[in-house]
Amino acid sequence: MSFFDILGLALRNLREAKLRAALTTMGVVIGVAVIVTMTSFGLGLQRNTVERFKNLDLFNEVQVFGRDLNTVLESQLDRKPEPASEGGENKEPKKPGNKRQAKSSERPLTDAALGEIAALPGVAYVEPTVRFSVYARANDRVRQELIGGVRVPNGASRFQHFAAGQMLGAKETDAAIVDESFISEHGFKQAADAIGQRIEFLAPPDEVGSLSNASRRNEGGAEQRASGKAEKEAGISSSPTRRADDTAAESDNTTAALGEATAETETDEPLTFFGLPLEDSGESSRAGGSGLVARTFRIVGVLKNEVEKGSGGNRRFRGMMPAANIYIPLRAANEWKATHRGMMEQVALQLARRSGLIDTEETEGYQAATVRVSDPAAMKNVVERLRESGFNVFGLFTELDEIRTFFLIVNATLGLLGGISLLVASFGIANTMIMSILERTREIGIMMAVGAEDREIKLIFFVEAAVIGLMGGIVGALAAWSIDKLSNRLAYQFILAPRGEPFIDFFSLPPYLWLGAILFAMAVAVAAALYPAARAARIDPVKALRHD
Amino acid sequence: MLEAREVSKIYQMGGGVVAALDRVSLSIKEGEFVALQGTSGSGKSTLLNLFGGLDSPTHGDVMFDGRSLAPLSKKEMARYRRASVGMIFQNFNLIQTMTAEENVSLALAFGGWRGRERTRRARELLMRVGLGERAMHRPAELSGGEQQRVAIARALANRPRVLLADEPTGNLDSTRAGELLSLLREMVTRDDLTILMVTHDDQLAARFSDRTIHMKDGRIEGMRDEG
């Protein structure tokens with residue numbers, strides 16, 4: 001007997017008792033609808049949560065730390081006066097260096113190292129962290145500002161929302177983008193007013209002049225001059241071509257600590273800001289400060305300050321890269337850092353070179369870099385490879401795992417609750433099947449008499465149950481889909497829209513969910529038919545066919 | 001063709017034991033039309049069910065074509081019922097919700113017939129029993145004689161060499177009964193079919209069968225050649 005014959009018999013049996021079949025199927029419909037609705041809600045919650053973090057670049061970025069020169073130097077300096085303790089070097093307690101050392105990697109984060117990281121599979125993008133503070137003058141007001149270098153073009157989500165203007169162009173060397181707090185601090189009425197305005201970076205008089213306006217005209221010349229200047233200061237000689245690589249980010253008071261410390265810096269930033277006493281007498285400050293202008297940038301864009309709803313007006317935290325008030329091209333930032341090294345940094349570099357810790361040719365490297373992966377799933381692998389290469393890494397990758405685990409539990413619980421209703425439905429199926437067997441005892445006897453095998457008799461009942469499961473599953477999945485749509489609609493109309501919030505899809509209904517639910521319903525239905533089918537196959541044909 | 005050797009069938013009934021068949025031995029040749037007679041409870045239907053593979057004996061051996069049915073598995077037994085023997089019953093045992101053709105087709109489906117071939121053969125079988133016109137009628141719309149003809153068509157669907165009939169004329173008037181047995185007789189003569197028929201009608205048995213076997217209390221009481 002072919003499968004289609006069996007299917008035909010099964011369908012005929014269902015047609016013979018339409019109402020009963022429909023009521024039994026209803027149980028499956030409800031079970032599947034509950035499973036799919038609840039699980040799709042759980043999945044939707046998960047998607048919305050993860051998506052939220054993902055949009056903030058929190059799950060696809062990690063911070064990689066370079067070798068921190070200060071840490072290495074401190075251990076060197078500690079050792080020198082007392083060579084006796086050299087054997088116990090590892091046990092030496094280093095109180096001030098401890099926290100830093102935790103972040104510091106074994107390897108310096110040079111441009112070569114960055115290239116190596118960029119080549120790792122799954123890595124989309126590497127951007128060194130170059131941060132420094134300057135006194136910046138714009139609109140006749142001088143404020144201390146945190147400057148950040150950015151690679152252009154830049155895919156980070158923090159550079160996607162502008163209040164006015166646009167992102168730095170790839171070819172612009174003296175362009176800058178600022179954030180909205182800069183606008184208010186420097187007394188601009190609105191963001192658009194700042195576009196095209198100049199920002200002047202101030203520097204000590206003996207450092208002014210090397211870069212100022214020369215860089216705007218001739219990038220190469222500026223670079224050379226910058227390096228020349230830096231070398232003069234550092235008292236070392238290195239080839240000008242290498243110099244560009246050499247302009248590494250070294251710690252200053254503001255950017256010394258990264259990671260959590262950076263987060264603090266960022267949130268504290270508006271508070272720690274302090275204006276110069278000259279603030280109110282703008283004209284005189286201009287006259288007095290004009291000799292301090294080291295370099296001028298032109299504002300091309302104003303970043304929108306995104307304020308997190310319901311968290312006390314805190315700024316939204318985007319990505320792993322430390323935030324800044326003013327962003328300038330990475331190259332310009334590197335040049336500035338090379339030219340305007342802090343005194344501490346100069347000393348550190350000198351000490352490192354003299355002690356042979358780093359070659360005169362070698363660079364101390366960047367302090368940190370942001371690594372972005374193309375897919376958060378690749379994150380674990382990338383982090384592992386980075387650690388193997390000797391870099392310290394900070395990121396929220398473990399948090400992503402934790403969120404996944406949490407939602408796995410939530411979804412499993414929701415699915416289980418739905419599963420209970422399907423379990424109830426399975427009893428209905430078993431009941432219907434047994435009823436049907438009692439009614440069709442003679443028919444089964446006849447089939448046996450004309451040569452039906454046990455297998456075929458059982459199969460008829462399994463197929464009958466599977467059809468109930470399939471129909472119930474399809475209708476149930478459709479019902480769940482309708483419930484999802486309706487709930488979204490109602491939630492928008494009565495909750496979100498009155499508050500002026502945009503439409504949110506609270507549910508996620510991937511094909512594997514509803515397909516899986518239908519298959520599961522079929523499996524449950526067939527399982528429910530196990531006993532009835534066995535019972536049908538046990539029917540004694542002699543008794544079934546006996547004269548009535 | 002069919003042979004029973006010292007066959008017993010014992011049922012446990014309440015406290016006691018009832019022997020429906022008591023060491024029955026019997027042999028039926030190919031192409032023979034044998035009538036099995038006896039009072040109710042004499043064991044004739046039980047014997048028929050044993051030959052039909054619907055039941056198995058407590059003792060003894062039931063043979064078909066020289067081979068014992070005892071070692072057959074459940075599956076092989078189903079195949080035996082399908083292809084080796086056909087059965088008809090007093091109450092016809094047609095499926096009420098199926099048309100005459102569907103009833104015949106069901107047996108053909110179990111025999112592995114597919115699609116158009118199956119429909120063609122079902123029509124052909126119904127034609128042979130004189131029901132070509134009534135193929136699309138359900139059992140309730142057919143007379144007793146017609147229903148039994150459908151049952152015969154179904155029993156012969158998978159070309160068995162033996163037809164086992166349990167009181168086929170029990171629900172028919174004498175005219176229809178005569179017509180039906182003529183049909184069976186013709187099949188024996190023309191197609192070399194072997195028939196074992198349970199009946200309590202002496203006259204019919206004498207008129208159509210080659211041999212009559214009398215049973216009483218689970219034993220064979222006597223045989224008579226009707227030739």
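Structure's up top.
These remarks concern the structure in this document. (Residues numbered from 1 in each chain as written. Chains lettered and ligands numbered in written order. Predicted model: local features only at pLDDT ≥ 70, side-chain atom pairs only at ≥ 80, totals over all residues. Heavy atoms only, no water.)

A few points about the overall build of chain A
Part 1 of the reasoning: For chain A, the count of helices and strands is 21 helices and 11 strands.
Part 2 of the reasoning: In chain A, which comprises 548 residues, the share counted as buried stands at 51%.
Part 3 of the reasoning: Contacts in chain A between residues far apart in sequence, at least 24 positions, make up 83% of those at least 6 positions apart. (Helix = DSSP H or I, 4+ residues; strand = E, 2+ residues; numbered from the N terminus. Buried < 20%, exposed > 50% of the residue type's maximum accessible area, 1.4 Å probe, protein only. Contact = heavy atoms within 4.5 Å.)

Overview of the sheet that holds strand 4 (residues 59-64) of chain B
Pairing between the strands of a sheet is mediated by backbone hydrogen bonds and can be parallel or antiparallel.
All names here are of chain B.
Part 1 of the reasoning: Pairing in this open sheet of 4 strands is antiparallel, and the strands run 2-1-4-5 from one edge to the other. Among the strands making up the open sheet, the edge pair consists of strand 2 (16-28) and strand 5 (67-68).
Part 2 of the reasoning: Relative to strand 2, strand 1 (residues 2-13) is paired through 9 bridges, and the arrangement is antiparallel. Paired with Ala4 across the two strands is Leu26, which belongs to strand 2.
Part 3 of the reasoning: Where helix 1 (residues 44-51) meets the sheet, it contacts strand 1, strand 2 and strand 4, and its direction lies at approximately 60° from that of strand 2. (Pairing = 2+ DSSP bridges. Axes fitted to C-alpha atoms, helices over the stretch in contact; angles between N-to-C directions.)

Focus: the pairing of strand 9 (residues 211-216) of chain B
Residues and elements named next belong to chain B.
Part 1 of the reasoning: Pairing analysis gives 5 bridges linking strand 3 (residues 33-38) to strand 9, with the strands arranged parallel. Among the inter-strand pairings, Val34 is bridged to a residue of strand 9, identified as Arg211.
Part 2 of the reasoning: In this structure, strand 9 lies alongside strand 10 (residues 219-225), joined through 6 bridges in antiparallel fashion. Across the sheet, residue Ile213 finds its bridge partner in strand 10, namely Met223.
Part 3 of the reasoning: Hairpin connection of strand 9 to strand 10: 2 residues between the antiparallel strands, including Asp217 at a positive phi of 50°.

Topic: the environment of Phe92 of chain B
Residue and element names in this part refer to chain B.
Part 1 of the reasoning: Locating Phe92 in the fold gives a position in the loop between strand 6 (85-89) and helix 3 (100-110).
Part 2 of the reasoning: Sequence separation of Phe92 and Gly144 is 52 residues, and the distance between their C-alpha atoms is 8.3 Å.
Part 3 of the reasoning: Once you skip the residues sitting within four places of it in the chain, Phe92 turns out to touch Gly144, Gln147, Gln148, Ala151, Arg154, Asn171 and Leu172.

A closer look at the sheet that holds strand 6 of chain B
All names here are of chain B.
Part 1 of the reasoning: Strands sit in the order 6-7-8-3-9-10 across an open sheet of 6 strands; the sheet is mixed. Across the chains shown, the open sheet's two edge strands, defined by having one partner strand only, are strand 6 and strand 10. Across this sheet, the average inter-strand angle for adjacent strands is 20°, counted without regard to direction.
Part 2 of the reasoning: Relative to strand 6, helix 5 (residues 144-155) is tilted by about 165°, and along the sheet it contacts strand 6 and strand 7 (162-166).

Description of the environment of Val134 of chain A
Residues and elements named next belong to chain A.
Part 1 of the reasoning: Inspection of the secondary structure puts Val134 in strand 3 (residues 131-138).
Part 2 of the reasoning: A relative accessible area of 5% means that Val134 is categorised as buried.
Part 3 of the reasoning: Taking the C-alpha atoms as reference, Val134 lies 5.5 Å from Glu145; in sequence the two are 11 residues apart.
Part 4 of the reasoning: Among all residues touching Val134, those that are not within four sequence positions of it are Arg143, Gln144, Glu145, Ile147, Phe201 and Trp336.

So, the packing of helix 5 of chain B against helix 6 (residues 174-191) of chain B
All names here are of chain B.
Part 1 of the reasoning: Relative orientation of the contacting elements helix 5 and helix 6 amounts to 20°, with a least axis distance of 10 Å. If you check the angle between helix 5 and helix 6, you find them roughly parallel. As helix 5 runs across helix 6, the sense of the crossing is right-handed. Contacts between helix 5 and helix 6 involve Gly145, Gln148, Arg149 and Ile152 from the former and Glu179, Leu180, Leu183, Leu184 and Met187 from the latter.
Part 2 of the reasoning: In terms of residue class, the contact of helix 5 with helix 6 is made up of 5 nonpolar, 2 polar and 2 charged. (Parallel < 35°, antiparallel > 145°, perpendicular 65-115°, else oblique. Left-handed = near helix turned anticlockwise from the far one by under 90°. Nonpolar A, V, L, I, M, F, W, Y, C, P; charged D, E, K, R; others polar.)

Remarks on the pairing of strand 4 (residues 141-150) of chain A
All names here are of chain A.
Part 1 of the reasoning: For strand 4, the buried fraction is high: 8 of the 10 residues fall into the buried class.
Part 2 of the reasoning: Sheet analysis places strand 3 next to strand 4, joined by 8 bridges and oriented antiparallel. Paired with Val134 across the strands is Glu145, a residue of strand 4.
Part 3 of the reasoning: Turn length for the strand 3-strand 4 hairpin, with the two strands adjacent in sequence and antiparallel, is 2 residues, and the turn residue Asn139 shows positive phi of about 55°.
Part 4 of the reasoning: Note that strand 4 and strand 9 (residues 326-329) share 4 bridges and pair parallel. For Gly148, the partnering residue across the bridge sits in strand 9 and is Tyr327.

A short note on the packing of aromatic side chains
All names here are of chain A.
Part 1 of the reasoning: Applying the stated criterion to the full structure yields 9 aromatic pairs over all chains.
Part 2 of the reasoning: Ring centres 4.8 Å apart and planes at 45° place the aromatic pair Phe201 and Phe297 in the tilted group. Here Phe201 is found in strand 7 (residues 198-202), whereas its partner Phe297 is found in strand 8 (residues 293-303), with 96 residues between them in sequence. By the burial criterion, Phe201 is buried, and Phe297 matches it. (Phe/Tyr/Trp six-rings, centres within 6.5 Å; stacked < 30°, edge-to-face > 60°.)

Digging into unusual backbone geometry
Part 1 of the reasoning: The omega torsion across Val152 of chain A and Pro153 of chain A is -5°, close enough to zero to call that bond cis.
Part 2 of the reasoning: Within the secondary structure, Pro153 of chain A sits in the loop between strand 4 and strand 5 (162-165).
Part 3 of the reasoning: Positive phi values are uncommon outside glycine, yet Arg23 of chain B reaches one of about 45°.
Part 4 of the reasoning: Despite not being glycine, Asp217 of chain B has its phi angle at roughly 50°, a positive value.

Side note on the pattern of salt bridges
Part 1 of the reasoning: In this structure the tally under the stated criterion is 34 salt bridges over all chains.
Part 2 of the reasoning: Among the ionic pairs, Asp191 of chain B bridges to Arg190 of chain B, the shortest N-O distance being 3.4 Å.
Part 3 of the reasoning: You can call Asp191 of chain B partly exposed: its relative accessible area is 33%.
Part 4 of the reasoning: Salt bridges sharing partners connect three or more residues here, namely Glu453, Arg455 and Glu456 of chain A together with Arg79 and Arg82 of chain B. (Salt bridge = Lys/Arg side-chain N within 4 Å of Asp/Glu carboxyl O.)

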